[in-house]
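A structural walkthrough
As a plain string of letters, each chain reads:
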Amino acid sequence: DEQKTAVDQAISTNDFSFIEGPPGSGKTTVLLEIIVQEIKRGKKIMVTASTHVALDNILDRLIRDNFLEKYGISPIRIGYDSNISELSRRYSLNNIAKTELKRLREAYEKKDKSELSDAQKKFKRHLMDADAEADIKKLLLDTSNLVFGTNIGILQAPMIKENTGA
């Protein structure tokens with residue numbers, strides 16, 4: 001009953017909700033249900049916790065229970081890869097951004113310049129710039145519907161930095 005109440009309260013709020021409790025009290029299960037319900041409603045969710053382990057417990061369960069594919073969840077995990085569980089690491093912002101930037105650069109390198117429009121040529125030049133990875137990270141965060149980060153680490157997310165002036 002307490003878990004159902006926590007889910008109902010969390011999905012009925014317009015702002016944010018805190019879930020707390022001792023180990024084994026069902027916090028992860030409650031959070032999985034909240035995440036699934038909110039994603040089904042087209043919402044974007046940010047999950048923060050004080051530890052990497054707490055975040056990875058949630059993301060690892062989403063992965064193992066096949067919730068990502070089943071519910072169209074596209075997670076991004078903010079943090080240093082060394083602090084992220086092996087299972088969750090493939091969704092780390094740094095890992096995905098580097099992989100996508102490399103893929104885009106390789107795809108554009110294979111194209112003949114005559115095949116590219118002016119906009120594509122400009123985009124290709126930008127991909128070679130030092131700040132291209134930051135732009136890819138921002139795009140990934142903008143298009144993800146589930147973002148994870150520790151209470152401190154989440155402050156590095158561009159959407160937070162831009163709104164706080166940090």
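One structure accompanies this document, and this report is about it. Not measured: the values here are computed from a predicted model.

Criteria and cut-off values
- Residues numbered from 1 in each chain as written.
- Predicted model: local features only at pLDDT ≥ 70, side-chain atom pairs only at ≥ 80, totals over all residues.
- Heavy atoms only, no water.
- Helix = DSSP H or I, 4+ residues; strand = E, 2+ residues; numbered from the N terminus.
- Buried < 20%, exposed > 50% of the residue type's maximum accessible area, 1.4 Å probe, protein only.
- Contact = heavy atoms within 4.5 Å.
- Areas by Shrake-Rupley, 256 points an atom, 1.4 Å probe, with all protein chains shown as cover.
- Lys, Arg positive; Asp, Glu negative; His and termini not counted.
- Charge placed at Lys NZ, Arg CZ, Asp CG, Glu CD.
- 1 Å grid on protein atoms, 1.4 Å probe; cavity = no way out; pocket = protein on both sides within 12 Å on 5 of 7 lines; lining within 4 Å.
- Points joined across faces, edges and corners; volume = space filled by probe spheres on them.
- Nonpolar A, V, L, I, M, F, W, Y, C, P; charged D, E, K, R; others polar.
- Expected span 1.5 Å × (residues − 1).
- Pairing = 2+ DSSP bridges.
- Axes fitted to C-alpha atoms, helices over the stretch in contact; angles between N-to-C directions.
- Parallel < 35°, antiparallel > 145°, perpendicular 65-115°, else oblique.
- Left-handed = near helix turned anticlockwise from the far one by under 90°.
- Core = buried A, V, L, I, M, F, W, Y, C linked by side-chain atoms within 4.5 Å.

1. Remarks on the overall build of the protein chain
- A tally of regular secondary structure across the protein chain gives eight helices and three strands.
- Seen along its three principal axes, the alpha-carbon backbone of the protein chain occupies a region of about 65 × 35 × 30 Å.
- Relative to its full complement of 166 residues, the protein chain shows a buried share of 37%.
- Counted over contacts in the protein chain with a minimum sequence separation of 6, partners at least 24 positions apart contribute 63%.
- Carbon and sulfur atoms make up 50% of the accessible area of the protein chain, which totals about 10,700 Å².
- With 26 positive and 25 negative side-chain charges, the protein chain shows a separation of 4 Å between the mean positions of the two kinds.

2. Let's talk about the layout of surface pockets
- The volume enclosed by the largest pocket comes to roughly 980 Å³.
- Along its surface, the largest pocket is lined by 34 residues, and Ser-17, Ile-19, Leu-31, Met-46 and Val-47 are the ones closest to its centre.
- For the lining of the largest pocket, the secondary-structure elements that each account for two or more residues are α1 (2–12), α2 (27–40), β1 (45–49) and α3 (52–64).
- For the lining of the largest pocket, the element with the highest residue contribution is α2, accounting for seven residues.
- Class assignment for the residues of the lining of the largest pocket results in 14 nonpolar, 13 polar and seven charged.

3. Some thoughts on α2
- Over its 14 residues, α2 runs 20 Å from end to end, which matches the ideal 20 Å to within 8%, given 1.5 Å per residue.
- Val-30, Leu-31, Leu-32, Ile-34, Ile-35, Val-36, Glu-38 and Ile-39 are the residues of α2 that are buried.

4. Let's talk about the sheet that holds β1
- Pairing within the open sheet is parallel, and its three strands lie in the order β1-β3-β2. Pairing within the sheet leaves two strands with one partner each, and these edge strands are β1 and β2 (75–77). Going across the sheet, the axis of each strand differs from the next one's by a mean of 15 degrees, ignoring polarity.
- Two elements, β1 and strand β3 (residues 146–150), share five bridges in a ladder whose sense is parallel. The residue of β3 that forms the bridge with Thr-48 is Gly-149.
- In the packing of α2 onto the sheet, contacts are made with β1 and β3, and the angle to β1 comes to roughly 160 degrees.

5. So, the packing of α2 against α3
- The N-to-C vectors of α2 and α3 enclose an angle of 60 degrees; their axes lie 10 Å apart at closest approach. As judged from the angle between their axes, α2 and α3 are oblique. The hand of the α2/α3 crossing is right-handed. Where α2 approaches α3, its residues Thr-28, Thr-29, Leu-31, Leu-32 and Ile-35 are matched on the opposing element by Asn-57, Ile-58, Arg-61 and Leu-62.
- Along the lines of polarity and charge, the residues of the contact of α2 with α3 split into five nonpolar, three polar and one charged.

6. Some words on the nonpolar core
- Ile-35, Val-47, Ile-58, Leu-62, Ile-73, Leu-146 and Phe-148 are the most contacted members of the largest nonpolar core, which totals 25 residues.
- Of all the secondary structure elements, the ones that give two or more residues to this core are α1, α2, β1, α3, α4 (67–71) and β3.
- With seven residues, α2 is the largest single contributor of residues to this core.
- Contacts of Ile-73, omitting those with residues within four sequence positions, involve Ile-35, Ile-39, Leu-62, Phe-67, Leu-68, Asn-145 and Leu-146.

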